[in-house]
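# Results of the structural survey
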Amino acid sequence: QQLSELAQQNNQAINVHLGIDTGMSRNGCLVEQAEDLLHLVINDELLKLAGICTHYPQAYDEKSCTEQETVFDQLIEQFDSQLPIDCLIHRANSEGLLYRPAGPCNAVRIGLLLTGTNPSEQDIPLQQVLRWSSAVSLVKNIKQGQGVSYNHLVSVGRDTRIAIIPVG
């Protein structure tokens, strides 16, 4: 709805990729929300369904990937008649490209491979074109039980020495 409002304010269509969470538990809508969101996008004159996707958390894990693929492929089949002819269908990241079958997909999202980084244990001739570089900017001691970082996602179990390494 916010994208629709933004498109109306700018009087310009917005391309939308509908992400469906089939197991990554990070990005995308819940599977049971996908059909409603798809209809919201395709029934809005200023929103264009440019893609529909999911994401593998570990493409080398045959069992979990097969489960994800089954759910995603069933949704693609269910939505097929409603998808624009040029709609990108994608589920594979770099690792997925190396380990998983293409399925009903017509696109992949390479990230690590684009930088020359091998996300697998396969022997692939790549030339690394990116290097992360940083330095320790701060070292300090924190007390047992103290929370660290955003939302205190980590709470140290003992007095701990930490280092800050800035990136970005």
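A few points on the structure.

What counts, and where the lines are drawn
- Residues numbered from 1 in each chain as written.
- Predicted model: local features only at pLDDT ≥ 70, side-chain atom pairs only at ≥ 80, totals over all residues.
- Heavy atoms only, no water.
- Helix = DSSP H or I, 4+ residues; strand = E, 2+ residues; numbered from the N terminus.
- Expected span 1.5 Å × (residues − 1).
- Buried < 20%, exposed > 50% of the residue type's maximum accessible area, 1.4 Å probe, protein only.
- Arc of directions from axis to C-beta.
- Contact = heavy atoms within 4.5 Å.
- Pairing = 2+ DSSP bridges.
- Axes fitted to C-alpha atoms, helices over the stretch in contact; angles between N-to-C directions.
- Polar contact = N/O pair within 3.5 Å; in protein donor to acceptor, adjacent residues only side chain to side chain.
- Lys, Arg positive; Asp, Glu negative; His and termini not counted.
- Salt bridge = Lys/Arg side-chain N within 4 Å of Asp/Glu carboxyl O.
- Disulfide = S-S within 2.5 Å.

With that out of the way, let us pick up helix α3 (residues 62–79). Here α3 spans 25 Å end to end across 18 residues, near enough to the 26 Å set by a 1.5 Å rise per residue. If you check which residues of α3 are buried, you get Ser-64, Cys-65, Gln-68, Glu-69, Phe-72, Leu-75, Ile-76 and Phe-79. Burial along α3 is one-sided: seen end-on, the buried residues are contained in an arc of 130 degrees. Exposed and oriented more than 90 degrees from the buried face of α3 are Glu-62, Lys-63, Gln-74 and Glu-77. Looking at the buried residues of α3, the elements they touch are β1 (14–21), α2 (34–42), β3 (47–53) and β4 (88–90).

The strand order across the open sheet formed by four strands is β2-β1-β3-β4, and the pairing between neighbours is parallel. The sheet is open, and its two edges are formed by β2 (29–30) and β4, each paired on a single side. Here β1 runs beside β2; their pairing, made up of two bridges, is parallel. Counterpart to Ile-20 in the pairing with β2 is Cys-29. In the packing of helix α1 (residues 2–10) onto the sheet, the strands contacted are β1 and β3, and the crossing angle to β1 comes to about 175 degrees. Sheet contacts for α3: β1, β3 and β4; angle to β3, the most-contacted strand, approximately 145 degrees.

Let's shift gears to the side chain of Thr-115. Relative to the helices and strands, Thr-115 resides in the loop between α4 (94–99) and β5 (138–142). Here Thr-115 falls in the buried class, since its relative accessible area comes to 18%. A polar atom in the side chain of Thr-115 sits 2.7 Å from the backbone oxygen of Leu-112. Beyond its immediate chain neighbours, meaning those up to four positions away, Thr-115 contacts Gln-127, Gln-128, Val-129 and Leu-130.

All right, on to unusual backbone geometry then. For Asn-11, which is not glycine, the phi dihedral falls at a positive 50 degrees. Looking at the element boundaries, Asn-11 is found in the loop between α1 and β1. Phi angles above zero are rare outside glycine, and His-152 is one such case at about 45 degrees. Here His-152 shows up in the loop between β6 (147–148) and β7 (154–155). Under the relative-accessibility criterion, His-152 is labelled exposed at 53%.

Residue position: Asp-44 is located in the loop between α2 and β3. Within the buried set, Asp-44 has no salt-bridge partner at all; the shortest N-O distance to an opposite charge, 13 Å, is to Lys-48. A polar side-chain atom of Asp-44 sits 2.4 Å from a polar atom in the side chain of Ser-4.

On to the pattern of salt bridges, then. Between side chains of opposite charge, pairing is possible as soon as their charged atoms come close. For the coordinates displayed, the defined rule picks out five salt bridges. For Glu-69, the salt bridge is made with Arg-100, and the minimal N-O distance between the two is 2.7 Å. Within this pair, whereas Glu-69 is found in helix α3, its partner Arg-100 is found in the loop between α4 and β5, the two being separated by 31 residues in sequence. The exposure classification of Glu-69 matches that of Arg-100, with both residues buried. A cluster of three or more residues bridged by salt bridges with shared partners is formed by Glu-62, Glu-69 and Arg-100.

Another point: the state of the cysteines. Within the structure shown, the criterion is met by zero disulfides. Looking at the unpaired Cys-53, the closest cysteine sulfur is the one in Cys-29, lying at 9.3 Å. Residue classification places Cys-53 among the buried positions, given a relative accessible area of 13%.

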